[in-house]
Amino acid sequence: QSATWIHDRWQELAASRPDVTVEYYDHHITNQPSIILTIPGTTLPSEVVVLGGHQDSTSGSNCSNDRAPGEDDDASGIAALTEVIHVALKLNYHPARTVQFMAYAAEESGLLGSDEIARAYANQHVNVVGVLQLVMTNYKGSSGDIYLINDFTNAAQNTFLGNLVDAYLPGLVRGTTACGYPCSDHASWWSVGYAASFPFESTFSQSNPFIHSPQDTIDKSGGNAQHALKFAKLGAAYMAELAKGGVSN
């Protein structure tokens, strides 16, 4: 159901742009498909910029019986990506490089969707110039605003992201933190040699304690998406500065 909803919503946003495609990516290892929206590049179409987050949620060991609303993990990331798509297509954005938005399947089962896609892209020698991961963007558990995960990520691209925060989101406080393990889909891309980055809602130790439970609901984030909005703006800046191009009437 999540895959169908995201596919249909993204397709609705792309309705006025016949050059934009929204496709299911069927996997061999999981029944849940990933969703990929592609805005083709105008002058550098073989170079690809990826922005992604995972569409599935879990309630841990009781996932067969418990509700798993997944507001922060990772409806917040998918919502931020969807807003970037909404604004880009509303402004008739035409990137120089191809931009792909991905809603990954089965992250909670072990990064299954992103791992299969990243390996396929590497095997096909797709020239992915950068990957941004948006997962858990709406719970402000720390005093700062945006924390860059500094393990299983690309140091140079992390510096680039930090510069984007300073330039486009002045006044926000940024920091760094670490997962200590391959904690989300960015690691799938990093493991096959692509530059990947993961801006996060807080320090890892102060992140949302309600994830993977029926309590992962929006009231835990104040009943609004104000924190996630910062990550949508950062995603838009990342897309614009890495994919370049422009908007047209």
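Quick word on the packing of helix 1 (residues 2–13) against helix 2 (residues 71–90)
Right, on to step 1. Put simply, helix 1 and helix 2 touch, their axes get as near as 9 Å, and they point 20° apart. Considered as vectors, helix 1 and helix 2 are oriented roughly parallel to each other. The interaxial crossing formed by helix 1 with helix 2 has right-handed handedness. Judged by residue contacts, Ile 6, Arg 9, Trp 10 and Leu 13 of helix 1 engage Ile 78, Thr 82, Ile 85, His 86 and Leu 89 from helix 2.
Right, on to step 2. In the contact of helix 1 with helix 2, the residues fall into 6 nonpolar, 2 polar and 1 charged.

Points about the pattern of salt bridges
Right, on to step 1. Taken as a whole and assessed by the stated rule, the structure comprises 8 salt bridges.
Right, on to step 2. Residue Asp 19 pairs with Arg 17 through a salt bridge whose shortest N-O separation is 2.8 Å.
Right, on to step 3. Judged by relative accessible area, Arg 17 falls into the buried class, the value being 4%.
Right, on to step 4. Here Glu 47 ties to Arg 97 by a salt bridge, and the two come within 2.5 Å at their closest N and O atoms. A residue pair is termed long-range when its members are at least 10 positions apart, and Glu 47 in strand 3 (residues 44–54) and Arg 97 in strand 5 (residues 97–104) qualify at 50 residues.
Right, on to step 5. The buried category is assigned to Glu 47, whose relative accessible area is 19%.

Observations concerning the environment of Asp 216
Right, on to step 1. Structurally, the position occupied by Asp 216 is in the loop between strand 10 (199–200) and helix 6 (226–243).
Right, on to step 2. Residue Asp 216 is classed as buried on the basis of its relative accessible area, which comes to 1%.
Right, on to step 3. For the pair Asp 216 and Gln 55, spaced 161 residues apart in sequence, the C-alpha to C-alpha distance is 14 Å.
Right, on to step 4. With residues up to four places along the chain from it excluded, the contact list for Asp 216 reads Pro 69, Gly 70, Glu 71, Asp 72, Asp 73, Asn 208, Phe 210 and Ile 211.
Right, on to step 5. A polar contact is formed between the side chain of Asp 216 and the backbone nitrogen of Asp 73, at a distance of 3.2 Å.

Regarding the sheet that holds strand 2 (residues 34–39)
Each strand in a sheet pairs with another by means of backbone hydrogen bonds, the pair being arranged parallel or else antiparallel.
Right, on to step 1. Taken in spatial order, the 6 strands make up an open sheet running 1-2-5-3-6-9, and their pairing is mixed. Taken across any chain shown, the strands that pair with only one partner, and hence form the sheet edges, are strand 1 (21–25) and strand 9 (196–197).
Right, on to step 2. For strand 1 and strand 2, the ladder comprises 5 bridges, and the chain directions are antiparallel. Within the sheet, the bridge partner assigned to Glu 23 lies in strand 2 and is Ile 36.
Right, on to step 3. The strands touched by helix 1 are strand 1, strand 2 and strand 5; relative to strand 1, the strand with the most contacts, the crossing angle is about 165°.
Right, on to step 4. Relative to the sheet, helix 6 contacts strand 3, strand 5 and strand 6 (127–133), its axis offset from that of strand 3 by approximately 165°.

Calculation criteria
Residues numbered from 1 in each chain as written. Predicted model: local features only at pLDDT ≥ 70, side-chain atom pairs only at ≥ 80, totals over all residues. Heavy atoms only, no water. Axes fitted to C-alpha atoms, helices over the stretch in contact; angles between N-to-C directions. Helix = DSSP H or I, 4+ residues; strand = E, 2+ residues; numbered from the N terminus. Parallel < 35°, antiparallel > 145°, perpendicular 65-115°, else oblique. Left-handed = near helix turned anticlockwise from the far one by under 90°. Contact = heavy atoms within 4.5 Å. Nonpolar A, V, L, I, M, F, W, Y, C, P; charged D, E, K, R; others polar. Salt bridge = Lys/Arg side-chain N within 4 Å of Asp/Glu carboxyl O. Buried < 20%, exposed > 50% of the residue type's maximum accessible area, 1.4 Å probe, protein only. Polar contact = N/O pair within 3.5 Å; in protein donor to acceptor, adjacent residues only side chain to side chain. Pairing = 2+ DSSP bridges.

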